[in-house]
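For reference, the chains in residue letters:
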Amino acid sequence: MHKLLPFFFLLTIGLSLVACKSDIAREGIDFTTWGGYWFKGEAEITSFTLEQARYGEVHPGEAVLIYVTEDFSKKKQVKLDDPRGKDVLNVLKLNSIREFETGVYKYNTMVSIFTPTKVQRASPKITASVQEWCGQSFTQLNHNSDDGYSWRMYSYFESEGDQSGSVNGLAEDELWTLLRIQPEAIPTGSVKLFPSVLENRLRHVPIEAHEAFIRIQDISESRRQLEVTYGDTGRTLKIDFLSAFPHEILGWEESQSEKGGGIIRTKATRKAIKKQAYWKNNRLEDSFLRQELKLR
């Protein structure tokens, strides 16, 4: 019986390493300072003036970034109603909302990203929805293993219909949350990256990873810029953010080369920022808070 002890000992260690493989703690973060900002039961809301490229033109609109920490279920990959036990994963959630008009009708879009705050693990879930007068579409990606993301897409277009598939690589959408958690954790140089799910929906292109180049550079004493350049799609993303914690987003620009030549750009410029528990401010008398955020 004693001869089996080394085997069980090694097996226990092996299982422990497997269990901890995806839960490696983030290093280099002062969680006293970080938690002092993010673990206060409030969301950070930032409004932007939006110039959205669509149909070969640039259309006026508005964007809102809503960042908030939540307790997330590792198994179900949803927000927990009762966050107790080992199933809890603390995440920084971003709801990225855009509203813009194209002629007579409006687009409403939202991308949601859920990124672990304390462990180095890929964002377990990314969703995107697009509503406009012609119809709506919805895409959900779930990270399940080292093989990457599995995804499902539902669309009113016959050619797209109900689809499913998989993709492996870093998610462009995750860069927006990693910037707020730990900019140093973002890989730079050549990476395998798949574009924003919203970009995929608006351009009606497959969800695929591409070779891309990421760099972060100082553009002033207090301001830095994350730049993403895709080698084969003609897409570039630039996000301006504060160098100092909490690394507030100041604006961004997306550029896309067109088939007929030329480049068309989407641009967002910050208007206002405020921290609040907005879900409690849902009465008519709370409408003045929209003015403070300079929302239309």
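Look up a bit, the structure's there.
Owing to the predicted nature of the structure, the values given are computational and were not obtained by experimental measurement.

Draft legend 1. Broad picture of the overall build of the protein chain. When helices and strands are tallied, the protein chain shows 5 helices and 15 strands. Its C-alpha radius of gyration of 21 Å places the protein chain within 12% of the 19 Å reference for a compact globule of 296 residues. Structurally, the protein chain occupies a C-alpha span of about 80 × 45 × 40 Å along its principal axes. Here the protein chain, with 296 residues, has 47% of them falling under the buried criterion. Contacts in the protein chain between residues far apart in sequence, at least 24 positions, make up 48% of those at least 6 positions apart. Total accessible area computed for the protein chain in this model is approximately 15900 Å², and 53% of it derives from carbon and sulfur atoms. Each charge class in the protein chain was averaged separately, 39 positive and 40 negative side chains, and the resulting centres sit 4 Å apart.

Draft legend 2. Broad picture of the nonpolar core. By size, the foremost hydrophobic cluster in this structure holds 50 residues, and its most contacted members are Leu141, Trp176, Leu226, Val228, Ile249 and Trp252. For this core, the leading source of residues is helix α3 (residues 175–181), giving 5 residues. With residues near it in sequence (within four places) discarded, tryptophan 252 still touches Phe48, Ala63, Leu65, Arg98, Trp176, Leu237, Lys238, Ile239, Thr266, Lys267 and Ala268. By size, the runner-up hydrophobic cluster in this structure holds 7 residues, among which are Ala43, Val64, Ile66 and Leu293.

Draft legend 3. View of the pattern of salt bridges. Applying the stated criterion to the full structure yields 22 salt bridges. In this structure, the salt-bridge partner of lysine 106 is glutamate 99, at a minimum N-O distance of 3.8 Å. Residue lysine 106 is classed as partly exposed on the basis of its relative accessible area, which comes to 30%. For glutamate 99, a relative accessible area of 28% corresponds to the partly exposed category. Among the ionic pairs, arginine 296 bridges to glutamate 101, the shortest N-O distance being 3.3 Å. Remark: glutamate 101 occurs in strand β3 (residues 88–102) and arginine 296 occurs in the segment after α5 (288–292); sequence separation between them is 195 residues.

Draft legend 4. A look at the pairing of strand β13 (residues 235–242). Most of β13 is tucked away, with 6 of its 8 residues classed as buried. Where strand β12 (residues 223–230) meets β13, 7 bridges bridge the pair, whose relative direction is antiparallel. Across the sheet, the residue bridging to glutamate 227 is lysine 238, located in β13. Joining the antiparallel neighbours β12 and β13 is a turn of 4 residues, in which glycine 234 adopts a positive phi near 80°. Following β13, the chain reverses through 6 residues before pairing antiparallel with strand β14 (residues 249–257); histidine 247 in that reversal takes a positive phi of roughly 55°.

Draft legend 5. Broad picture of the environment of threonine 32. The topology assignment puts threonine 32 in helix α2 (residues 31–38). A residue is classified by how much of its surface remains accessible, and threonine 32, at 67% relative accessible area, is exposed. Each C-alpha atom, one on threonine 32 and one on histidine 59, is 42 Å from the other, the two residues being 27 residues apart in sequence.

Draft legend 6. A look at the packing of aromatic side chains. Enumeration according to the criterion identifies 16 aromatic pairs in this entry. With a centroid separation of 5.9 Å and 40° between ring planes, the pair formed by tryptophan 34 and tryptophan 38 is classed as tilted. On the criterion of helical spacing, the pair formed by tryptophan 34 and tryptophan 38 is a turn pair, its members being 4 residues apart in helix α2. Seen from their ring centres, tyrosine 278 and tryptophan 279 are 5.0 Å apart, and the 75° between their planes marks the pair as edge-to-face. For tyrosine 278, a relative accessible area of 29% puts it in the partly exposed group. Judged by relative accessible area, tryptophan 279 falls into the partly exposed class, the value being 39%. Taken together, the aromatic side chains of Phe31, Trp34, Tyr37, Trp38, Phe39, Tyr67 and Phe245 make up a single cluster linked through ring pairs. Looking at arginine 54, its charged tip hangs above the ring of tyrosine 55, at a distance of 4.5 Å from the centre. Sitting over the ring of tyrosine 37, lysine 275 keeps its end group 4.0 Å from the ring centre.

Draft legend 7. Quick look at unusual backbone geometry. Put simply, phenylalanine 245 and proline 246 share a cis peptide bond, and its omega is 10°. Along the chain, proline 246 turns up in the loop between β13 and β14. The backbone of histidine 204 shows a phi angle near 55°, a positive value even though the residue is not glycine. As for its position among the elements, histidine 204 is in the loop between α4 (197–203) and β11 (210–218). Not every positive phi belongs to a glycine, and histidine 247 is a case in point at roughly 55°. Tracing the chain through its elements places histidine 247 in the loop between β13 and β14.

Parameters and conventions
Residues numbered from 1 in each chain as written. Predicted model: local features only at pLDDT ≥ 70, side-chain atom pairs only at ≥ 80, totals over all residues. Heavy atoms only, no water. Helix = DSSP H or I, 4+ residues; strand = E, 2+ residues; numbered from the N terminus. Rg over C-alpha atoms; globule rule 2.2 N^0.38 Å. Buried < 20%, exposed > 50% of the residue type's maximum accessible area, 1.4 Å probe, protein only. Contact = heavy atoms within 4.5 Å. Areas by Shrake-Rupley, 256 points an atom, 1.4 Å probe, with all protein chains shown as cover. Lys, Arg positive; Asp, Glu negative; His and termini not counted. Charge placed at Lys NZ, Arg CZ, Asp CG, Glu CD. Core = buried A, V, L, I, M, F, W, Y, C linked by side-chain atoms within 4.5 Å. Salt bridge = Lys/Arg side-chain N within 4 Å of Asp/Glu carboxyl O. Pairing = 2+ DSSP bridges. Phe/Tyr/Trp six-rings, centres within 6.5 Å; stacked < 30°, edge-to-face > 60°. Lys NZ or Arg CZ within 6 Å of the ring centre and 35° of its normal.

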